[in-house]
Amino acid sequence: MSHVGVGPRAVMRSVAFLTAGVLAVPALAGCTSEESAGKPLAAQDVGAATRASVSDGGTLRWAVDSVPDTLNTFQSDADATTTRVAQAVLPSMYRMDENGSPVRNPDYLESAEVVDTEPKQVVVYKLNQQAVWSDGREIGAADFAAQWRALSGKDSAYWTARNAGYDRIEKIERGADDLEVKVTFSRPYADWKALFSPLYPKDVMGTPDAFNDGARRSLKVTAGPFTVKKVDTKADQVVLTGNPRWWGAPAKLDKIVLRAVPRDERVSELVAGKLDLAEIDPETADEVTLAAAPRDPATGTPLMGPQGSPAAGVQGRSAAEALRSWAVANGSDEEAAEEEILAREERREAEAKAARRQKALSGFEVRKSLEPAYTQLALNGSGGPLADERVRRAVARALDREKLAETVLKPLGLPAEPVGSHLALSGQPAYADGSGALGEQNAKEARALLADAGWVRGGPVKKDGEKAAGAEKDEKDEKDEDKEKKKSEGDDDGTYIVGEDNKNAGDKNEDSKNPDDKSDDGTDRESGEKHSSGKNTAQGGAPGAYAPKGTAAPAGSVAAPLAKDGKALTLRFVLPSGPGSETLRTVADRITDMLKDIGIGTEITKVPDESYFKDHIAAGEYDLALYSWPASAFPATDARPIYAKPVPAADGSLNVAQNYTRVGTDQVDQLFDRAMTTLDQKEARDLLRKADSRIWAAAGSIPLYQRPQLTVARKNLANAGAFGFETPVYEDMGFLEKGAQGSRPSAPSTSSPSSSSSS
């Protein structure tokens, strides 16, 4: 899979994966807090085993994308490996559970609670009395205070990448004893559990020099089950070893080696026996699964494919082919015989190599889940056709998100359900399907929106300043087609009125030929009259999500290109070109076909991975793009800069923060601000869900699917693999005792996604 997206929260949501009015407006269609957030669509798959069944000792060789430039997660060049190291060697007051919710980490924290809200919010942390840094010093208020000062944003000498939350702290002081830390906030802060995870020692945070340079290539003082032994840039690896001062359950492994291995080289390293754990692409997953499948003892052919289907006979040759080869090799034609003998030798060598590769990979298994991140279609609203909200909505409503999710996830045996929220994923408390604010896929209404925006089929297109030709012909064609339509529809004048789709329920048209256009209750989905939420979302539904009453749908061929003011409606679709981006390019092809169906053309531009985000997404040089954002347990804090309304900077430029679609509203900003300050969790969820509905309605970002998480692990490796939402427990990782077995989750359902918004 392409890693075009963003890393975990500690890496910040600004790092790429290759990486409006007043508040009092009519309510948008969407879910309320009374609806269930559901469960995670897929469980983690880590070869779970009890500590008693895991042997002591051993080295885990784990492939990562890079050796980090810094070990300080609060710096701008931190990456996913920075987070991996921090999780293993530093304190975190809270960790993520299987539902993506923060839970207290008892190794460091006995309790934490809000003890006062008036006149100021006060949180008291009671630390584990055994918690000490690797130099023997107790973890205490001095470390909390040093981190606050470094990240408060008040001292520009600290080169910090983010200060959210820390800028709301007024003071930090010692509590009743050395194990108690009292934090007083200057402003209420709902996401206070996001703070001090990870927590760095005051040695790193105490001065600007120490913060900026002291933790880039080494961490001399740590407080986790592991410690950093070496960051080896020559060998492209980070070596972690057990922490002798660790007070918790002792680490099972002696050593973890995080080694930078390009994704297209990982299968070779697995075959060579140089890796135990690695994230992989779907093609490698198929190969590993086939290698581990039962085989015909006579031919060595896998009996079943990855999804339980009969596997192709990829090894061995048919009897007829073998007989022909023998005949040629032993025939009277000496030249042909010599060529065949050489070919037979080459085949034997290739088959022997394939057999060795298969045998090596048979010791591994694929562990899969859904990553806590989603892929979106981004629509750049800063200029061009997509500056018009109606065009963005038309693009969004042309997409069959279920089919796009199935394209990526169904072949992997993972639940293929489209993501319904920008701010959370299924299973997280804030999750609710807010897509009803925009409306379901409906090509007819999408075309009506485009017509209302002035984009018409067959409009004249000017080239190089010349007068557009062909307009009269197209206009005549439209008139002829209108006449034919009137003849076939009797008294119907051929005008499409939004909200009156069922006026002639018996009529047949091009948008109702697909039997799948009927929902379970028989409602015509294409009409938009009734959606999966059960609410009427035609005229009178979500404000602005549909074309105004009386808008005529373009007549004639739905695939004909649209034009306005002499320009064709064509959007620049920018994609990464590197290996591992095949899935994104496949999704882009599907989207292109869906847009073509409503008359929108696309120009696909493939660019190098290293420039994709910096030179195109962040720079705004695109109309359409695919990239990912991670889920966060603290969306009020983490998602606000992604969806905040861009504001002019002092130099006249536009400050977009992390809102690379350049689409935002005042209402969304206000809802985020209110959610960030309320300490009532139910109220916060309601506010976030309202914000999500408004983000959907603005149609700057269209969530598509939760990213697949595919890992290959040595079969006897326990408690490591596809972690899903949950923070890895590094001290429990290890290799199984002889005869012991780890558990695997049951196969996830691959049935069609439910239309229920709570699923």
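Residues numbered from 1 in each chain as written. Predicted model: local features only at pLDDT ≥ 70, side-chain atom pairs only at ≥ 80, totals over all residues. Heavy atoms only, no water.

Draft legend 1. Spatial organisation of the confidence of the model for the protein. Here the protein averages 82 in pLDDT, while 77% of its residues score no lower than 70. Here residues 465-547 is modelled with pLDDT under 50, and outside its nearest four sequence neighbours on either side it reaches 122 contacts, counting other chains as well. Counted against residues more than four places away or in other chains, residues 748-759, with its pLDDT under 50, gives 28 contacts. (pLDDT = per-residue confidence, 0-100. Contact = heavy atoms within 4.5 Å.)

Draft legend 2. How the structure looks around the sheet that holds strand β4 (residues 109-116). Taken in spatial order, the four strands make up an open sheet running β4-β5-β7-β6, and their pairing is antiparallel. Both outer strands of the open sheet, β4 and β6 (169-174), are each paired with one neighbouring strand and no more. With direction set aside, neighbouring strand axes in the sheet form an average angle of 20°. Where β6 lies against strand β7 (residues 180-185), five bridges are found, and the strand directions are antiparallel. Bridging across to β7, Arg-174 finds its partner in Val-181. Here helix α2 (residues 141-151) sits on the sheet in contact with β5 (122-127), β6 and β7, set at roughly 160° to β6. (Pairing = 2+ DSSP bridges. Helix = DSSP H or I, 4+ residues; strand = E, 2+ residues; numbered from the N terminus. Axes fitted to C-alpha atoms, helices over the stretch in contact; angles between N-to-C directions.)

Draft legend 3. Highlighting the packing of helix α6 (residues 282-292) against helix α8 (residues 334-361). Remark: α6 packs on α8, axes separated minimally by 8 Å, with the N-to-C direction vectors making an angle of 90°. On the basis of their axis angle, the class for α6 and α8 is roughly perpendicular. Within the contact between the two elements, α6 uses Glu-287, Val-288 and Ala-291 and α8 uses Arg-357, Gln-358 and Leu-361. For the contact of α6 with α8, the class distribution of residues is three nonpolar, one polar and two charged. (Parallel < 35°, antiparallel > 145°, perpendicular 65-115°, else oblique. Nonpolar A, V, L, I, M, F, W, Y, C, P; charged D, E, K, R; others polar.)

Draft legend 4. Region of the structure containing the nonpolar core. Formed by 104 residues in total, the largest nonpolar core has its most connected members in Met-93, Tyr-125, Phe-196, Leu-240 and Tyr-643. The element contributing the most residues to this core is α2, with seven residues. If we ignore the near neighbours within four places in the chain, the residues touching Tyr-643 are Tyr-374, His-422, Leu-423, Trp-629, Asn-659, Val-663, Gly-664, Val-668, Asp-669, Phe-672, Ile-695 and Ser-701. Formed by 61 residues, the second largest nonpolar core is a distinct cluster that contains Leu-270, Leu-377, Val-408 and Ala-453. (Core = buried A, V, L, I, M, F, W, Y, C linked by side-chain atoms within 4.5 Å. Buried < 20%, exposed > 50% of the residue type's maximum accessible area, 1.4 Å probe, protein only.)

Draft legend 5. Region of the structure containing the sheet that holds strand β13 (residues 456-457). If you walk across this open sheet you meet the three strands as β13-β14-β15, and the pairing is antiparallel. Where the open sheet ends on each side, the last strands, each with one partner, are β13 and β15 (567-568). Pairing of β13 with strand β14 (residues 562-564), which is carried by two bridges, proceeds in the antiparallel orientation. If you follow Val-456 over to β14, its bridge partner there is Ala-563.

Draft legend 6. Highlighting unusual backbone geometry. Here Glu-118 and Pro-119 are connected by a cis peptide whose omega angle stands at 0°. Positionally, Pro-119 belongs in the loop between β4 and β5. Cis peptide bonds are those with omega within 30 degrees of zero, and the linkage from Ser-197 to Pro-198 qualifies with 5°. Its location among the elements puts Pro-198 in the loop between β7 and α3 (202-205). Here the phi dihedral of Asp-565 falls at roughly 55°; this positive angle occurs in a residue that is not glycine. Structurally, Asp-565 is set in the loop between β14 and β15. On the accessibility criterion, Asp-565 (68% relative accessible area) is exposed. You will see that Arg-662, though not glycine, has its phi angle at about 60°, which is positive.

Draft legend 7. Quick peek at the pattern of salt bridges. Summed over the entire model, instances satisfying the criterion amount to 30 salt bridges. Where Arg-137 meets Asp-143, a salt bridge forms, and the shortest distance between an N and an O atom there is 2.9 Å. With a relative accessible area of 0%, Asp-143 lands in the buried category. With its nearest N and O atoms 3.3 Å apart, the salt bridge here joins Arg-263 to Glu-279. You can see Arg-263 sitting in the loop between β10 (255-260) and α5 (266-271) and its partner Glu-279 sitting in strand β11 (residues 277-279), a full 16 residues away along the chain. Accessibility expressed as a relative area gives 23% for Arg-263, which makes it partly exposed. Overlapping salt bridges, with partners in common, bring together Asp-65, Arg-263, Arg-266 and Glu-279 in one network. (Salt bridge = Lys/Arg side-chain N within 4 Å of Asp/Glu carboxyl O.)

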